[in-house]
Each structure stands twice: as C-alpha cells, then as structure tokens.
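# Tertiary structure, described
The primary structure of each chain is shown beneath.
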Amino acid sequence: MALTKAKADFTLHPYDHDPSAQAYGEEAADALGVPYDRIFKTLVAETESGLAVAVVPVSGKLDLKALASALGGKRAAMAEAAKVERVTGYVVGGISPLGQRKQLPTVVDSSALDHETIYFSAGRRGLQIETAPDNLIILTRAVTAPIGKAG
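All figures in this text were calculated on a predicted structure; none of them were measured in a lab.

### Things to note about the pairing of strand 3 (residues 50–57)
- Of all eight residues in strand 3, seven are buried, a share of seventy percent or more.
- Here strand 2 (residues 39–47) hands over to strand 3 after two residues, the two strands then running antiparallel side by side.
- Alignment of strand 3 against strand 6 (residues 106–109), held across three bridges, turns out to be parallel. Residue pairing for strand 6: Val53 is matched across the bridge by Thr106.

### With respect to the nonpolar core
- One finds Val44, Val108, Phe120 and Leu136 to be the most contacted residues of the largest nonpolar core, which totals 24 residues.
- Here Val108 is in contact with Val55, Leu136, Ile137, Ala142, Val143, Thr144, Ala145 and Ile147, once residues within four sequence places are set aside.
- Grouped together as the second largest cluster of nonpolar side chains are twelve residues, Ala45, Leu62, Ala76 and Val107 included.

### A short note on the pattern of salt bridges
- All told, the structure shown has two salt bridges when counted by the stated rule.
- Between Lys83 and Glu46 there is a salt bridge, with its nearest N and O atoms 2.6 Å apart. Of this pair, Lys83 sits in helix 4 (residues 81–88) while Glu46 sits in strand 2, and the two are 37 residues apart along the sequence.
- Judged by relative accessible area, which is 28%, Lys83 ranks as partly exposed.
- Using a relative accessible area of 28% as the deciding quantity, one classes Glu46 as partly exposed.

### A closer look at helix 5 (residues 133–140)
- Taken residue by residue, helix 5 has Pro133, Asn135, Leu136, Ile137 and Thr140 as its buried positions.
- As for helix 5, its buried residues are in contact with helix 1 (2–5), strand 3, strand 6, strand 7 (118–124), strand 8 (127–131) and strand 9 (143–145).
- With its phi angle positive at about 55°, Arg141 sits one or two positions after the end of helix 5.

### Brief notes about the environment of Arg38
- Within the element layout of this structure, Arg38 appears in the loop between helix 2 (24–32) and strand 2.
- A residue is classified by how much of its surface remains accessible, and Arg38, at 21% relative accessible area, is partly exposed.
- Sequence-wise, Arg38 and Thr144 are 106 residues apart; in three dimensions their C-alpha atoms are separated by 16 Å.
- For Arg38, the residues in contact, after removing those within four places along its chain, are His115, Thr117, Ile118, Tyr119 and Glu130.

### Let's talk about unusual backbone geometry
- A positive phi angle, near 55°, is found at Lys7, a position not held by glycine.
- Structurally, the position occupied by Lys7 is in the loop between helix 1 and strand 1 (10–14).
- Phi is positive for Arg141, close to 55°, though the residue is something other than glycine.
- Topologically, Arg141 is positioned in the loop between helix 5 and strand 9.
- A relative accessible area of 64% means that Arg141 is categorised as exposed.

### Section: the environment of Pro57
- Its location among the elements puts Pro57 in strand 3.
- The class of Pro57 is buried, set by a relative accessible area of 9%.
- With 28 residues separating them along the chain, Pro57 and Ala29 place their C-alpha atoms 11 Å apart.
- Sequence-distant contacts of Pro57, that is, excluding residues within four places in its chain, are made with Tyr36, Asp37, Ile39, Phe40, Lys41, Asp109 and Ser111.

### Digging into the confidence of the model for the chain
- The share of residues in the chain with pLDDT of 70 or more is 99%, and the mean pLDDT across the chain is 93.
- Taking the mean pLDDT of every element in the chain, the minimum, 81, falls on helix 1 and the maximum, 98, on strand 6.

Rules and cut-offs
- Residues numbered from 1 in each chain as written.
- Predicted model: local features only at pLDDT ≥ 70, side-chain atom pairs only at ≥ 80, totals over all residues.
- Heavy atoms only, no water.
- Buried < 20%, exposed > 50% of the residue type's maximum accessible area, 1.4 Å probe, protein only.
- Helix = DSSP H or I, 4+ residues; strand = E, 2+ residues; numbered from the N terminus.
- Pairing = 2+ DSSP bridges.
- Core = buried A, V, L, I, M, F, W, Y, C linked by side-chain atoms within 4.5 Å.
- Contact = heavy atoms within 4.5 Å.
- Salt bridge = Lys/Arg side-chain N within 4 Å of Asp/Glu carboxyl O.
- pLDDT = per-residue confidence, 0-100.

As structure tokens, this is what we get:
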C-alpha cells in the first residue's frame with residue numbers, strides 16, 4: 001500500500017457495506033459516525049487532456065468547470081463507469097485515489113486542508129482510509145483547488 005511504503009500514518013476503517021446502498025460515501029460516513037465533510041469521494045472525469053481524478057467531500061458535488069480550470073482546461077464531464085473501472089482497476093463505489101493502475105492528474109478539494117485527517121476509499125466498498133490530507137496530496141501528486149460545491 002502506498003501509505004505504508006511512504007511511512008505515512010493512517011488508519012483503516014472497515015464497515016459493513018450494504019449491497020443495496022447507492023450513496024457509498026454517505027453510507028461510509030453513517031457507518032463510521034464521521035461528518036460528511038470529512039469523507040471524500042473519488043470521482044473520475046474526462047477533460048480535454050484525458051482522464052483526471054477529483055477528490056471531493058461527500059457532503060457536496062463536483063464542480064466540473066472548477067476541476068477543468070484547476071487542470072488548465074475549459075471543460076470536464078464525468079467519465080463513463082466502465083472506462084473508469086478499467087483505467088483505475090477499482091469498482092465504482094470503491095475507487096481509491098491511491099494505487100490506481102495508471103497515475104492520473106488529481107485534484108483534491110481545498111476543503112480537505114481544513115481537517116487534521118480525512119477519510120477516503122481504500123479501494124473497495126466497506127473500507128475507508130483515514131490519514132492527513134497532505135499524505136494524500138503528496139502521494140497522488142495532487143493539486144488542491146476549490147472543486148467542490150454544495151450538494
């Protein structure tokens with residue numbers, strides 16, 4: 001695991017995933033008793049220069065225009081689920097920003113920096129990683145930008 005290799009502090013938080021759940025991030029927050037603004041979802045979008053990863057709080061939505069702008073582009077659209085799974089190696093609802101098959105440009109919502117630690121998928125439904133936002137930013141070579149918007 002990338003965090004172990006980097007000797008970064010982190011905690012794994014397993015929880016019982018309900019296969020009928022549709023809102024995976026909210027399910028994780030509720031199961032772990034963590035506020036929605038500390039659980040981050042990993043989304044993949046198509047930009048003019050290819051696929052990119054966006055990490056935003058589950059309490060809101062991704063601002064696609066802000067994502068494109070953070071990457072020096074003009075527009076972005078959500079990528080097709082099958083393509084995302086093929087490129088990342090993860091299933092939707094369990095996509096981790098770490099350990100993807102191919103390193104994609106990554107933008108982490110700047111609100112992550114408001115927290116000592118944040119949670120995000122460990123690569124499967126029912127498992128979250130808690131770590132300092134800087135660990136995620138460094139390991140994914142991410143930029144931070146205000147890419148989240150109120151849900």
